[in-house]
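# Results of the structural survey
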Amino acid sequence: MKKIQYIIFLSILITSCNRNGNADLQERETLLAQKEKDFALKENEYKGLIAMRDSLRSAKLKAADTSAVVRSWPDSIAGLWNSRLICRASTCNNYVIGDQRNEQWQFTADSTGLYLKTTSKNKTMNLFKGTLQDNRITLVEQRDSIGGSRGKIQINIDLIGANLMRGTQTIQTKGDCQANFSVELTPNEK
């Protein structure tokens, strides 16, 4: 009798273990399927981010290529121009609204880039490094290391034509002084 009881007990135990084992196995399969779905979603998101990164890199390279193409000023810009600058706004003592300046500007280029040389009536000369992109000229004054930093001059020319160019010049000096000038350029008739 004890043997029969022992066999019955073992068979109940084995049956019980199989049921618990099947339930555990089923639960594990469900968890594994959910993890696979989550992983597939993350993998798709990762692939989308990689594609976006590659697209942005490609656009950046294309933009760099188009800006690198401009190695000299177009014939309609290169050469001498007469400038007329009128102060439109100022927080500086030495620039008064309505002040006018007339300078001669020369658009030049060499192997290092695009440049503008400005010469005033008192023979003061400034050198600006320029860029031409999307029919807009941006010029930033170049300073030597000996002269120190006395401020910053930037010129933006938005209207570009063969006989007239217009834009703005901003002068910022130490002490929060800023002056804005309107710029009008006409070709130098020689």
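Because the structure is a prediction, the values reported are computed rather than measured. Residue numbering note: each chain is counted from 1, following its sequence as written. Local features in this predicted model are restricted to residues of pLDDT 70 or higher, and side-chain atom pairs are both shown and tallied only at a pLDDT of 80 or more, whereas totals for entire chains, interfaces and linings draw on every residue. Calculated side-chain values reflect all of the structure's heavy atoms, with hydrogen atoms and water omitted.

### So, the sheet that holds strand β2 (residues 100-110)
With antiparallel pairing, the 8 strands of this closed barrel are ordered in space as β1-β2-β3-β4-β5-β6-β7-β8. With strand direction ignored, the average angle separating the axes of adjacent strands in the sheet is 30°. Strand direction decides the pairing type here: strand β4 (residues 125-133) and strand β5 (residues 136-141), joined by 6 bridges, are antiparallel. From the neighbouring strand, Thr131 faces β5, where its bridge partner is Thr138. DSSP bridges decide pairing: two strands pair if at least two such bridges lie between them. Secondary structure counts use DSSP, requiring at least four H or I residues in a row for a helix and at least two E residues in a row for a strand, with both numbered from the N terminus. Interaxial angle, 0 to 180 degrees, is taken between N-to-C directions of lines fitted to C-alpha atoms, where a helix line uses only the stretch in contact.

### A word on a nonpolar patch on the surface
On the surface, Ile4, Ile8 and Ile12 cluster together into a nonpolar patch covering about 290 Å² of accessible area. On the secondary structure map, Ile8 appears in helix α1 (residues 2-69). The patches described consist of residues with a relative accessible area above 30% and no salt bridge, like charges being joined within 9 Å and nonpolar side chains (Val, Leu, Ile, Met, Phe, Trp, Tyr) within 5 Å. Here the Shrake-Rupley method, with its probe set to 1.4 Å, supplies the accessible areas, and only the displayed protein chains count as covering residues. Every case where a carboxyl oxygen of Asp or Glu lies within 4 Å of a side-chain nitrogen of Lys or Arg is listed as a salt bridge.

### A look at the pattern of salt bridges
Applying the stated criterion across every chain, the model contains 5 salt bridges. For Glu43, the salt bridge is made with Lys47, and the minimal N-O distance between the two is 3.9 Å. Here Glu43 and its partner Lys47 are both found in helix α1, 4 residues apart, which amounts to about one turn of the helix. Judged by relative accessible area, which is 36%, Glu43 ranks as partly exposed. Here Arg136 ties to Asp158 by a salt bridge, and the two come within 2.5 Å at their closest N and O atoms. With Arg136 in strand β5 and Asp158 in strand β6 (residues 151-160), the pair connects residues that are 22 residues apart, well separated along the chain. Categorising residues by exposure relies on relative accessible area from a 1.4 Å probe, with only protein chains included: less than 20% of the type maximum marks a residue as buried, more than 50% marks it as exposed, and the intermediate range marks it as partly exposed.

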